Amino acid sequence: MTGPALRYRAALTASAALFLALASAGEADAADCVLERQGEGRVAAVVDARGFRLDDGREIRLAGIERAGTEAASGRAALSAIITGRDVTLHGEDDTPDRYGRQSAFVFVTGSEQSVQSELLRRGEALVSSDISDKNCAAALSAAEGVARNAKLGIWASSTAIKNTESPGDILATIGHFTVVEGKVLSVRQAGAMTYLNFGRNWTRDFAATISRRIIPAFESAGLGPKSLENRRIRVRGVVSSRGGPRIELLRVGQIEVVGGK
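Just so it is clear, the model here is predicted, and its values are computed rather than measured. Every chain's residues receive numbers from 1 upward, in the order its sequence appears when written. Per-residue local features are limited, in this predicted model, to residues with pLDDT of at least 70; the limit for side-chain atom pairs, both in listing and counting, is 80 or more; totals at the level of whole chains, interfaces and linings are taken over all residues. Each side-chain value is worked out from all heavy atoms of the structure, with water and hydrogens disregarded.

Draft legend 1. The arrangement of the overall build of the chain in detail. Runs of H or I in DSSP of at least four residues are treated as helices and runs of E of at least two as strands, each being numbered from the N terminus. Per the secondary structure count, the chain includes 6 helices and 15 strands. Any residue under 20% of the maximum accessible area for its type is buried, any over 50% is exposed, and the rest in between are partly exposed; the area is computed with a 1.4 Å probe on protein chains only. Relative to its full complement of 262 residues, the chain shows a buried share of 43%. Residues are treated as being in contact if the distance between any of their heavy atoms lies within 4.5 Å. Long-range contacts, defined as pairs at least 24 residues apart, comprise 62% of the intrachain contacts of the chain with a sequence gap of at least 6.

The following block contains the structure:
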């Protein structure tokens, strides 16, 4: 095959790959959190990186995402650019306000089929939460986060966006924040009602993820039984605490992603 023919074939292959990627993204957007409509309104002001106020006084909390990193200003600016002064529709399973009077919802700018949450994720200005019950929503938001991660946008432009379990000090610096951590599970140990996924040998210093005995059946049903994770590389997400070393408590299956074999 000649040089021009090879180049033409390579171009076709690249175009096909791009088409498939765009088609996949389109499928994810089409099924982007299609939940019951829970209201509408015009955005009057952005409160923070995950919340805003409508012109009728209602305060809305974006469901399904968490603030990316420890810097709030960037996320707030990104949300403001997307929704300030815009008409939006609210979707969700329940419109009951939380104890702070905020309504949690998946939000769509009128006329758009892509949620505000997906747009923030695609810009690398948010992280997928672990408490999404709707499978279509979870898949759409995870795909959006993956787009930003692969393109190194927003938070993903930094090599430390995903914390390495071999650097527990870096994880400790994010105490109280929703964080993504990756590493190899070196051992699985049970102590009383708690199971520990240990990523290091020193329990007073190294990172560990914990699972309460009462919710282990849910992890086993999903093929993520604690013992099956030993010697595997996984990614966990959640709020970092400190009990000796840094910890993330695993309350839902969605907090674990297996990223490597044994």
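Draft legend 2. Summary view of the pattern of salt bridges. Counted as salt bridges are all cases of a side-chain nitrogen of Lys or Arg within 4 Å of a carboxyl oxygen of Asp or Glu. Taken as a whole, this structure holds 16 salt bridges when the rule is applied. Two residues, Arg-37 and Glu-40, come together in a salt bridge whose shortest N-O distance is 2.3 Å. Classification of Glu-40 as partly exposed rests on a relative accessible area of 49%. Between Arg-235 and Glu-257 there is a salt bridge, with its nearest N and O atoms 3.3 Å apart. Taken together, the residues Arg-235 in strand β13 (residues 233-243) and Glu-257 in strand β15 (residues 256-258) connect sequence positions 22 residues apart. The exposure class of Arg-235 is buried, given its relative accessible area of 12%. On the basis of relative accessible area, Glu-257 is assigned to the partly exposed category, the value being 33%. Counted as one network, the salt bridges with shared partners bring together Glu-182, Arg-233, Arg-235 and Glu-257.

Draft legend 3. Quick look at unusual backbone geometry. One non-glycine residue with positive phi stands out, namely Lys-152, at about 55 degrees. Checked against the element boundaries, Lys-152 lands in the loop between α4 (135-151) and β8 (162-164). Classification of Lys-152 by relative accessible area gives exposed; the value is 56%. A positive phi angle, near 65 degrees, is found at Asn-231, a position not held by glycine. Among the secondary structure elements, Asn-231 is positioned in the loop between α6 (216-221) and β13.

Draft legend 4. Focus on the nonpolar core. Counting residues in each nonpolar core, the largest one holds 30 residues, and the members touching the most others are Phe-52, Ile-83, Phe-106, Val-107, Val-116 and Leu-120. Formed by 20 residues, the second largest nonpolar core is a distinct cluster that contains Val-181, Ala-209, Ile-215 and Ile-234. Buried Ala, Val, Leu, Ile, Met, Phe, Trp, Tyr and Cys residues that are joined via side-chain atoms within 4.5 Å together make up what is termed a nonpolar core.

Draft legend 5. Looking closely at the pairing of strand β5 (residues 87-91). In terms of burial, β5 is a largely internal element, 4 of the 5 residues being buried. Here, strands pair whenever DSSP counts at least two bridges between them. Relative to β5, strand β1 (residues 37-48) runs antiparallel, the two being bridged by 5 bridges. Each bridged residue has a counterpart across the sheet, and for Gly-39 the counterpart in β5 is Leu-90. Here β5 runs beside strand β6 (residues 102-109); their pairing, made up of 4 bridges, is antiparallel. Opposite Leu-90, over in β6, you have Val-107 as the bridge partner.

Draft legend 6. Broad picture of the sheet that holds strand β2 (residues 51-54). Spatially, the 5 strands close up into a barrel ordered β1-β2-β3-β6-β5, and their pairing is mixed. With direction set aside, neighbouring strand axes in the sheet form an average angle of 60 degrees. Sheet analysis places β2 next to strand β3 (residues 59-62), joined by 3 bridges and oriented antiparallel. Bridging across to β3, Arg-53 finds its partner in Glu-59. As a rule, the C-alpha atoms of each element are fitted with a line to give its axis, helices using only the stretch in contact, and angles between N-to-C directions run from 0 to 180 degrees.

Draft legend 7. Local environment of the side chain of Ser-129. Position of Ser-129 relative to the elements: it lies in the loop between β7 (126-128) and α4. In the analysis that follows, any N or O atom pair within 3.5 Å is treated as a polar contact, provided that within protein one partner can donate a hydrogen and the other can accept it, and provided that, for residues neighboring in sequence, both atoms belong to side chains. Looking at Ser-129, its side chain comes within polar contact range of the side chain of Glu-66, at 3.5 Å. A polar side-chain atom of Ser-129 sits 2.6 Å from a polar atom in the side chain of Asp-131. Residues in contact with Ser-129, not counting those within four places in the same chain, are Gly-64, Ile-65, Glu-66 and Phe-178.

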